[in-house]
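Secondary and tertiary structure notes
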Amino acid sequence: MATDHNRRWPWLGAVCGGVSINAFGGAIGLFSGAIDPDPNVQANWSVTLTALSLVLVVGIPMGLAAVSAFAGGGRSGPMAHIAGVLLVAWIIVQPAVTGETSWLQGSFGVLGFVIAVRGWRMTVAAGKSAYLVSEEQ
């Protein structure tokens, strides 16, 4: 039987991987000019800095959480939790800074919340199972 320390989470890996791919795609779109933000946003906030922030705050953490979930291991829960919290933070801060809103922000905000909660629950469950194992010995 698989334990929390070696269990793989393919659905979590797929969701985190999809979010990571979207973050990198959004950053590439902003950096290349394929996504054209409002002119006021360009004047107030560097598009390059926004693209870089998107990669660092969302793309990389979600990518690492996806790799961990696909590979299995004891770090999948904490990594998913942190990546989900960072995504929710990005969704809250980005419209406040740029002034732009989209229905995608709500969708990704919900995804970030679900990922964060699932990661937290995985972490708590792993802690309880480790406690039970040490009690039996």
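Structure first, text after, so check above.
So, a few notes on the structure that sits alongside this text. Being a predicted model, the structure only gives us computed values, none of them experimental. (Residues numbered from 1 in each chain as written. Predicted model: local features only at pLDDT ≥ 70, side-chain atom pairs only at ≥ 80, totals over all residues. Heavy atoms only, no water.)

Observations concerning the environment of Thr-123
Rules: Secondary structure elements are taken from DSSP: a helix is a run of H or I of four residues or more, a strand is a run of E of two residues or more, and numbering for both begins at the N terminus. In this description, contact between two residues means that some pair of their heavy atoms is separated by no more than 4.5 Å. Two N or O atoms form a polar contact when they lie within 3.5 Å of each other; inside protein one atom must be a possible hydrogen donor and the other a possible acceptor, and for residues adjacent in sequence the pair counts only when both atoms belong to side chains.
With respect to the secondary-structure elements, Thr-123 resides in helix 5 (residues 103-136). Through-space distance from the C-alpha of Thr-123 to that of Ala-80 is 9.4 Å; in sequence the pair is 43 residues apart. Excluding its chain neighbours within four sequence positions, the residues that come into contact with Thr-123 are Gly-77 and Pro-78. A distance of 2.8 Å separates a polar atom in the side chain of Thr-123 from the backbone oxygen of Gly-119.

Section: the layout of surface pockets
Where empty space is left can be seen by rolling a probe of water-molecule size over the atoms. What counts here: In this analysis a 1.4 Å probe is tested at points of a 1 Å grid over the protein atoms alone, and where it fits but cannot get out there is a cavity; an open set with protein on both sides within 12 Å along at least five of seven lines is a pocket; lining residues have an atom within 4 Å of a point. Grid points are joined across faces, edges and corners, and a volume is the space filled by probe spheres set on the points. Basically, the charged four are Asp, Glu, Lys and Arg, the nonpolar ten are Ala, Val, Leu, Ile, Met, Phe, Trp, Tyr, Cys and Pro, and anything else, Gly included, counts as polar.
For the largest pocket, the calculated volume is near 610 Å³. Along its surface, the largest pocket is lined by 23 residues, and Gly-26, Leu-54, Trp-90, Gln-94 and Leu-104 are the ones closest to its centre. Across the lining of the largest pocket, the residue classes tally to 14 nonpolar, eight polar and one charged.

A look at the environment of Gly-25
By the element assignment, Gly-25 lies in helix 1 (residues 10-32). The spacing of Gly-25 and Leu-54 is 29 residues in sequence and 9.8 Å in space, taken between C-alpha atoms.

Things to note about a nonpolar patch on the surface
Convention followed: Patch membership requires more than 30% relative accessible area and the absence of a salt bridge. Residues of like charge join within 9 Å; the nonpolar side chains Val, Leu, Ile, Met, Phe, Trp and Tyr join within 5 Å. In short, Shrake-Rupley with a 1.4 Å probe defines the accessible areas, and a residue's cover is counted only from the protein chains shown. By salt bridge we mean one thing: a side-chain nitrogen of Lys or Arg within 4 Å of a carboxyl oxygen of Asp or Glu.
On the surface, a nonpolar cluster with roughly 640 Å² of combined accessible area is contributed by Phe-24, Ile-28, Leu-49, Leu-52, Leu-56, Ile-60 and Leu-64. Contributing elements (two or more residues each) for the nonpolar patch: helix 1 and helix 3 (47-71).

A short note on helix 3
Note the following rule: Here, expected helix span is obtained from the residue count minus one, scaled by 1.5 Å. Across the chain, bend at a residue is computed as the angle between axes fitted to the seven residues ending at that point and the seven starting from it.
Relative to the 36 Å expected for 25 residues at 1.5 Å per residue, helix 3 spans 34 Å between its end C-alpha atoms, a close match to the ideal helical length. The sharpest bend along helix 3 reaches about 35 degrees and sits at Val-55. Downstream of helix 3 by a residue or two, Gly-72 has a phi angle that is positive, lying close to 85 degrees.

Overview of the packing of helix 1 against helix 3
Keep this limit in mind: Lines fitted to C-alpha atoms define the axes here, with helix axes fitted over just the stretch in contact, and angles between the N-to-C directions of these axes take values from 0 to 180 degrees. Any angle from 65 to 115 degrees is called roughly perpendicular, while one under 35 is roughly parallel, one over 145 is roughly antiparallel, and all others are oblique. Crossing handedness is defined as follows: a turn of the near helix away from the far one that is anticlockwise and smaller than a right angle gives a left-handed crossing, while the clockwise case is right-handed.
Orientation of helix 1 relative to helix 3, taken along the N-to-C sense of each, is 160 degrees, at an axis distance of 7 Å. Considered as vectors, helix 1 and helix 3 are oriented roughly antiparallel to each other. Along this stretch, helix 1 crosses helix 3, giving a crossing that reads as left-handed. Of the residues contributing to the contact of helix 1 with helix 3, the split by class is 21 nonpolar, eight polar and no charged.

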